[in-house]
Amino acid sequence: MAFELPDLPYDYDALAPYMSRETLEFHHDKHHQAYVTKGNELAAEAGMDGLSLEEIVKQSHGKNPGLFNNAGQHYNHIHFWKWMKKGGGGTSLPGKLQSAIDSDLGGYDKFKADFVAAGVGQFGSGWAWIAVKDGKLEIMKTPNGENPLVHGAQPILGVDVWEHSYYIDYRNARPKYLEAFVDNLINWDHVLEMYEAATS
């Protein structure tokens, strides 16, 4: 299954001022496109181009680092664009998700503090996540293009802490970017959709 760059689910100006048009143009049009192009090339070389994206991520982990990094980043970004929306974030979560965050993560305030801390604490490039593992929510962080799929978990929310995701808008203020992501950008409907798929 060839990798394809998806269109953004909103206009390039939609997430401003929390994520600018310039950031989205560089991040989506250039960085994500590069993962797609290189990922297709490496998947074909490895004879994995007939597999699903999730299978390529899992099967290349620890065996083919070039393919793994590009396939992982393609998977991560397909969802990253959907995990954001204009007028997103905030504390109004779908009921089922709120219940899970209350029982597994200690409530919204603790989730926010721990999620931001995971993103701030990820040294260098990587991601912070909420994932479902053994039926429960967990906050995780991973380096580079790695994601919870290779740790026996299903991601339901992720935030990109590579510098290309925030440097144009926030310079080196990663904590400020992460706060803005949680408060103003998260598309809780897509998180719920992934939560329901992971727990069904």
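Sequence positions are assigned chain by chain, starting from 1 and proceeding in written order. The predicted origin of the model limits local features to residues at a pLDDT of at least 70 and limits the giving and counting of side-chain atom pairs to 80 or more, whereas totals for whole chains, interfaces and linings rest on all residues. The basis for every side-chain value is the complete set of non-hydrogen atoms in the structure, without hydrogens or water.

Trainee: Where do I start with the UniProt feature "binding site: Mn(2+)" (unreviewed entry) in the chain in this structure?
Mentor: UniProt positions are given in the numbering used here, feature names are shortened, and annotations may be inferred rather than shown by experiment. Here the UniProt-annotated "binding site: Mn(2+)" (unreviewed entry) positions come out as His27, His77, Asp160 and His164. These annotated residues cover 138 residues of sequence, but their C-alpha atoms sit close together, with the largest distance between any two at 12.5 Å. Structurally, aspartate 160 is set in strand E3 (residues 154-160). It only takes one pair of heavy atoms within 4.5 Å for two residues to be counted as in contact. Sequence-distant contacts of aspartate 160, defined by excluding residues within four places in its chain, comprise His27, His77, Phe80, Gly126, Trp127, Ser165 and Tyr177. Any pair of nitrogen or oxygen atoms within 3.5 Å is treated as a polar contact; in protein, a donor-acceptor pairing is required on top of that, and neighbouring residues in sequence qualify only through side-chain atoms on both sides. In terms of polar contacts, aspartate 160 uses its side chain to reach the side chain of histidine 27, at 3.0 Å. Within the secondary structure, histidine 164 is located in the loop between E3 and helix H6 (167-170). Residue histidine 164 is classed as buried on the basis of its relative accessible area, which comes to 16%. Discounting chain neighbours no more than four positions away, the residues touching histidine 164 are Thr23, His27, His31, Tyr35 and His77. Reaching out from histidine 164, the side chain makes a polar contact with the side chain of histidine 27 at a distance of 3.4 Å. Each helix corresponds to a stretch of at least 4 residues labelled H or I by DSSP, and each strand to a stretch of at least 2 residues labelled E; elements are numbered beginning at the N terminus. The buried label goes to any residue with under 20% of its type's maximum accessible area, the exposed label to any with over 50%, and the partly exposed label to all in between, with areas taken from a 1.4 Å probe on protein chains only.

Trainee: Is there a simple way to think about the environment of alanine 128 in this case?
Mentor: You can see alanine 128 is positioned in strand E1 (residues 126-133). Note on alanine 128: relative accessible area 0%, which makes it buried. Between the alpha carbons of alanine 128 and lysine 82 there is a distance of 16 Å; along the sequence they are 46 residues apart. For alanine 128, the contacting residues outside a window of four places in its chain are Phe115, Ala118, Gly119, Met140, Lys141, Leu157, Gly158 and Val159.

Trainee: What am I meant to see in the side chain of asparagine 76 here?
Mentor: The topology assignment puts asparagine 76 in helix H3 (residues 65-82). Judged by its relative accessible area of 0%, asparagine 76 is buried. Setting aside anything within four residues of it in sequence, one finds asparagine 76 in contact with Trp83, Trp127, Trp129, Gly145, Glu146 and Asn147.

Trainee: Any chance you could explain the sheet that holds E1 here in plain terms?
Mentor: Paired through their backbone hydrogen bonds, the strands of a sheet run either parallel or antiparallel. Should DSSP find at least two bridges between two strands, the strands are regarded as paired. If you walk across this open sheet you meet the 3 strands as E2-E1-E3, and the pairing is antiparallel. If you trace the sheet from one side to the other, it starts and ends with strand E2 (136-143) and E3, each paired once. Across the sheet, the mean angle separating the axes of adjacent strands is 20° when strand polarity is ignored. By the bridge criterion, 8 bridges tie E1 to E2 in an arrangement that is antiparallel. Looking at E2, one finds that tryptophan 127 is bridged to threonine 142. Note on definitions: angles span 0 to 180 degrees between N-to-C directions of axes, and those axes are lines fitted to C-alpha atoms, for helices only across the stretch in contact.

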